[in-house]
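Topology and contacts: notes
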Amino acid sequence: MTLSMAPGEGAKPIHLPPLREELLLHPAPPDHHGNPHWTLEDPARNRFFQIGWTEMEMLARWQIGEAQAIATAVSNATTLDVTVEDVLEFARFLSGSNLLQARGPEALARLAEQAVAGRMGWAKWLLKNYLFVRLPLVRPDRWLERALPHVRFVFSSTFLWITLLAGATGLLLVGRQWDVFQATFMHFFTLEGAALAGVTLLATKILHELGHAFTAKRHGVRVSSMGVALLVMFPVLYTDTSGAWKLRGRRQRLEIGSAGMAAELILACYATLAWSFLPDGMLRSAAFMLATTTWLLTLAVNLNPFMRFDGYFLLSDALDMANLQERSFALARWRLREALFGLGEDPPEE
């Protein structure tokens, strides 16, 4: 879609394509200055876009279909001073994000160009996406819906207090057998112990992802997929909870982001208690693994905000800064270019 600025009075009207009819709009938490925000959802691609008050007012009048008329209507009905250039800039954003209906040969040609540009050989695709590749394995939303009533008790305050009591009791009993507890660690240097550690770690990671999934479902978020992500070609499990962006409360998103680590900590509390009562053998070694190494390693990795694990998304939600990684990379590239070459370019954002 090609949009040109209105040259002045007497210019021809600039007609705008209509929005796609399946788009959804959700209220979003206000920013740190109290300014209202909304989330525009594209359900066909499971993508979410945050917009502010000005964009919302333009969207509410988009059916007018003409840039100058939309700008005038917003300016007359609100305290905003919206120009034709503002409307055209927003139209470019909507067009670039494929949120407008594709009509006419020009729009169809643009979509065809995007399709051609998106095609690439496996080698080029791997070079471009080696840092993070998602391989969805299951679409668990219906199963989560049916299973949620059976696990809802874990979200109660009663379960929380019982878990804290179990963890405290387990630590007390472990303290009385500390020498035996430390000696259990040596078992993992055997081949059998290493295999047991691998199985235990996998089970813990599955529980971790289920923690995210059930918490998201509890807040009414659709979990579109679960599977394996290749992080620099290293496989890790993932749960797609991007639907959390349509939630109005930031606290709900923080709960979803921290649910995986909370699930592992809960498991560690009960594993610590179980270790004191289990006889020597594989089960006791597995309980030791769950009570120590597994969740400590999980917290060390997942709380790292510099990788796209739980810590990154928690930081992004806490700061209320969407696309934090992409924006920080863009700013870092700008600073590096300015330091090396002094190009005098404007920063990508303030």
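Described below are features of the structure shown in this document. (Residues numbered from 1 in each chain as written. Predicted model: local features only at pLDDT ≥ 70, side-chain atom pairs only at ≥ 80, totals over all residues. Heavy atoms only, no water.)

**Quick word on helix 2 (residues 67-77)**
- Every buried residue of helix 2 is accounted for by Ala67, Ile70, Ala71 and Val74. For helix 2, the angular spread of the buried residues around the axis is 100°, confining them to a single face. Exposed residues pointing more than 90 degrees away from the buried face of helix 2 are listed as Asn76 and Ala77.
- Buried residues along helix 2 sit in contact with helix 1 (53-60) and helix 3 (84-96).
- You can read the cap of helix 2 off the contacts: a side-chain oxygen lies 3.1 Å from the backbone nitrogen of glutamine 68, and it is on glutamate 66. (Buried < 20%, exposed > 50% of the residue type's maximum accessible area, 1.4 Å probe, protein only. Helix = DSSP H or I, 4+ residues; strand = E, 2+ residues; numbered from the N terminus. Arc of directions from axis to C-beta. Contact = heavy atoms within 4.5 Å. Polar contact = N/O pair within 3.5 Å; in protein donor to acceptor, adjacent residues only side chain to side chain.)

**With respect to the pairing of strand 3 (residues 47-51)**
- Strand direction decides the pairing type here: strand 2 (residues 37-42) and strand 3, joined by five bridges, are antiparallel. Opposite tryptophan 38, over in strand 3, you have isoleucine 51 as the bridge partner. (Pairing = 2+ DSSP bridges.)

**Digging into the nonpolar core**
- Judged by nonpolar contacts, the single largest core of 25 residues is most densely connected at Leu16, Trp62, Val87 and Leu94.
- Of all the elements in the fold, those that place two or more residues in this core are strand 2, strand 3, helix 1, helix 2 and helix 3.
- Counting residues per element, this core draws most heavily on helix 3, which supplies six residues.
- Counting residues in hydrophobic clusters, the runner-up holds 12 residues, among them Ala147, Leu148, Ala244 and Leu247. (Core = buried A, V, L, I, M, F, W, Y, C linked by side-chain atoms within 4.5 Å.)

**Quick notes on the pattern of salt bridges**
- Summed over the entire model, instances satisfying the criterion amount to 14 salt bridges.
- Of the charged contacts in the structure, one is a salt bridge between glutamate 145 and lysine 217, with a shortest N-O distance of 3.3 Å. Taken together, the residues glutamate 145 in helix 6 (residues 141-151) and lysine 217 in helix 9 (residues 191-218) connect sequence positions 72 residues apart.
- Glutamate 145 sits in the partly exposed class, given a relative accessible area of 48%.
- Under the relative-accessibility criterion, lysine 217 is labelled buried at 10%.
- Beyond isolated ion pairs, a larger network of salt bridges with shared partners links Arg20, Glu22, Asp42 and Arg45. (Salt bridge = Lys/Arg side-chain N within 4 Å of Asp/Glu carboxyl O.)

**A closer look at the environment of leucine 137**
- Tracing the sequence through the fold places leucine 137 in strand 4 (residues 132-138).
- Sequence-distant contacts of leucine 137, that is, excluding residues within four places in its chain, are made with Met226, Gly227 and Val228.

**Observations regarding the sheet that holds strand 2**
- Within the open sheet, the three strands sit side by side as 1-2-3. Their pairing is antiparallel. The outermost strands of the open sheet, each flanked by one partner alone, are strand 1 (24-28) and strand 3. Put simply, the sheet's adjacent strands are angled 30° from each other on average, direction ignored.
- As paired elements, strand 1 and strand 2 share five bridges and run antiparallel to each other. Bridging across to strand 2, leucine 24 finds its partner in glutamate 41. (Axes fitted to C-alpha atoms, helices over the stretch in contact; angles between N-to-C directions.)

**Points about a nonpolar patch on the surface**
- Judged by side-chain polarity, Leu336, Leu340, Phe341 and Leu343 come together as a nonpolar surface patch covering roughly 450 Å² of accessible area.
- When you line up the elements, leucine 336 lands in helix 14 (residues 324-341). (Patch = residues over 30% accessible without salt bridge, like charges linked within 9 Å, V, L, I, M, F, W, Y side chains within 5 Å. Areas by Shrake-Rupley, 256 points an atom, 1.4 Å probe, with all protein chains shown as cover.)

**Remarks on the packing of aromatic side chains**
- Applying the stated criterion across every chain, the model contains seven aromatic pairs.
- Ring geometry for phenylalanine 49 versus phenylalanine 93: centroids 5.9 Å apart, planes at 80°, classification edge-to-face. Taken together, the residues phenylalanine 49 in strand 3 and phenylalanine 93 in helix 3 connect sequence positions 44 residues apart.
- For phenylalanine 49, a relative accessible area of 8% gives the class buried.
- Judged by its relative accessible area of 33%, phenylalanine 93 falls in the partly exposed class.
- Among the aromatic residues, those joined into a cluster by ring pairs are Phe49, Trp62, Phe90 and Phe93.
- We note arginine 284 situated over the ring of tryptophan 275; from NZ or CZ to the ring centre the distance is 3.9 Å. (Phe/Tyr/Trp six-rings, centres within 6.5 Å; stacked < 30°, edge-to-face > 60°. Lys NZ or Arg CZ within 6 Å of the ring centre and 35° of its normal.)

**Some thoughts on unusual backbone geometry**
- The phi dihedral of asparagine 46 falls on the positive side, at around 55°, and the residue is not glycine.
- Within the fold, asparagine 46 resides in the loop between strand 2 and strand 3.
- A positive phi angle is found at asparagine 98, which is not glycine, with a value near 55°.

**Topic: the packing of helix 13 (residues 310-319) against helix 14**
- One way to put it is that helix 13 packs onto helix 14 with a least axis distance of 10 Å and a crossing angle of 85°. Judged by the inter-axis angle, helix 13 sits roughly perpendicular to helix 14. Contacts from Tyr312, Leu315 and Ser316 in helix 13 reach Leu324, Gln325 and Glu326 in helix 14. (Parallel < 35°, antiparallel > 145°, perpendicular 65-115°, else oblique.)

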